[in-house]
Amino acid sequence: TADSLRPVALSPAPEIDARASLAGMPRAGIADLLRSIEVPEKEIRMRVAQLWHWIYIRGAENFSEMTNVARGLHAKLEAVASLRRPEIVREQISADGTRKWVLRMPSKGPHDKGAEVECVYIPERDRGTLCVSSQVGCTLNCSFCHTGTQKLVRNLETWEIVGQVMVARDRLGDYHGRTPPEGAFVPSDGGRFVSNIVFMGMGEPLYNFDNVRDAIGVLTDPDGMQLSKRKVTVSTSG
């Protein structure tokens, strides 16, 4: 009966940030967003270049860090966009410098706690390889792959793929002017901590072709992360 019912404490719904993240967004997407906040067309190319530099060369995490971008534009950008990365749920560090992250993506709705994927950094003497995911779960059932035992939840968006690389670079101090963490494996040639990307994490990359293609375009942009196309490997079961 109604008299016998007891109130049940409910967990709060996950906070949803509807703002687009520029950290991982292709140039065309940034240009469209600037147009949406009425940045004059004659300024678009310059502003995209400024944002691109701060996001991918400097690793900015707040618009306020962008000293050559007008403060008025800071406020407009804050209202519709962010520089958020995937959330680090867990980080494991091995004695040989290998690092494994469990990353949570933003909630898509009140019943979505935020999809989680894995990302692994493997340092070697002459390279630093980052293994990234392209899907949450997988539709395939490869006998050698644990992800095949998990159902497919969804494809990762372009910014969520690039965001995995940005998290790794954040944690490794792999940006201009940043200091690597104590005990980090330092490349023998003094080069980049993340020099190679392999799409060998969760998911079948070619089932998320458009977003993987766009993510590779961001990662290999010569004015941004500047990764060599020859050092990006897309692994497919087919």
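Residues numbered from 1 in each chain as written. Predicted model: local features only at pLDDT ≥ 70, side-chain atom pairs only at ≥ 80, totals over all residues. Heavy atoms only, no water.

Undergrad: Can you help me understand the pairing of strand 9 (residues 196-199) in this one?
TA: Each regular strand displays side chains that alternate between the two surfaces of the sheet. Judged by which residues are buried, strand 9 turns out to be covered on both faces: Asn196 and Val198 on one side and Ile197 and Phe199 on the other are all buried. Across three bridges, the pairing between strand 6 (residues 127-131) and strand 9 is parallel. Paired with Thr129 across the two strands is Asn196, which belongs to strand 9. In terms of strand pairing, strand 9 meets strand 10 (residues 232-234) through three bridges, oriented parallel. Each bridged residue has a counterpart across the sheet, and for Phe199 the counterpart in strand 10 is Val234. In this view, the connection linking strand 9 to its parallel neighbour strand 10 by way of helix 5 (residues 209-219) has right-handed handedness. (Buried < 20%, exposed > 50% of the residue type's maximum accessible area, 1.4 Å probe, protein only. Helix = DSSP H or I, 4+ residues; strand = E, 2+ residues; numbered from the N terminus. Pairing = 2+ DSSP bridges. Right-handed = clockwise from strand over helix to strand, strands pointing away.)

Undergrad: What's the story with the side chain of Gln164 in this structure? I'm lost.
TA: Relative to the elements of secondary structure, Gln164 occurs in helix 4 (residues 158-172). The class for Gln164 is buried, based on a relative accessible area of 0%. A distance of 3.4 Å separates the side chain of Gln164 from the backbone oxygen of Glu160, its partner in a polar contact. Ignoring any residue separated from it by four or fewer positions in sequence, one finds Gln164 in contact with Pro86, Leu103, Met105, Val117, Glu118, Cys119, Leu130, Val132, Ser133 and Leu156. (Polar contact = N/O pair within 3.5 Å; in protein donor to acceptor, adjacent residues only side chain to side chain. Contact = heavy atoms within 4.5 Å.)

Undergrad: Just checking my understanding: could you explain the nonpolar core for this structure?
TA: Nonpolar side chains in soluble globular proteins generally cluster together in the buried interior. By size, the foremost hydrophobic cluster in this structure holds 55 residues, and its most contacted members are Leu22, Leu34, Ile55, Met66, Leu77, Leu130 and Ile197. When residues of this core are traced back to their parent elements, those giving at least two are helix 1 (27-36), helix 2 (41-56), helix 3 (71-80), strand 4 (99-104), strand 5 (116-124), helix 4, strand 9 and helix 5. Not counting chain neighbours up to four residues away, the residues in contact with Ile55 comprise Leu22, Ala23, Ala60, Met66, Leu83, Met166 and Tyr175. (Core = buried A, V, L, I, M, F, W, Y, C linked by side-chain atoms within 4.5 Å.)

Undergrad: Honestly, the packing of aromatic side chains in this entry has me stumped. Any pointers?
TA: The description of an aromatic ring pair uses the distance of the two centres, along with the angle that the planes make with each other. A full pass over the atoms with the stated rule returns one aromatic pair. Each ring, one from Trp52 and one from Tyr56, has its centre 4.6 Å from the other, and the planes form 65 degrees; the classification is edge-to-face. Of this pair, Trp52 and Tyr56 both sit in helix 2, four residues apart, roughly one helical turn. For Tyr56, a relative accessible area of 0% gives the class buried. In this structure, Arg27 packs its charged tip against the face of Trp52, placed 4.4 Å from the ring centre. Note that Arg58 overlies the ring of Trp54, its terminal NZ or CZ placed 5.9 Å from the centroid. (Phe/Tyr/Trp six-rings, centres within 6.5 Å; stacked < 30°, edge-to-face > 60°. Lys NZ or Arg CZ within 6 Å of the ring centre and 35° of its normal.)

From the geometry alone we can't say anything about function, so treat these as descriptive.
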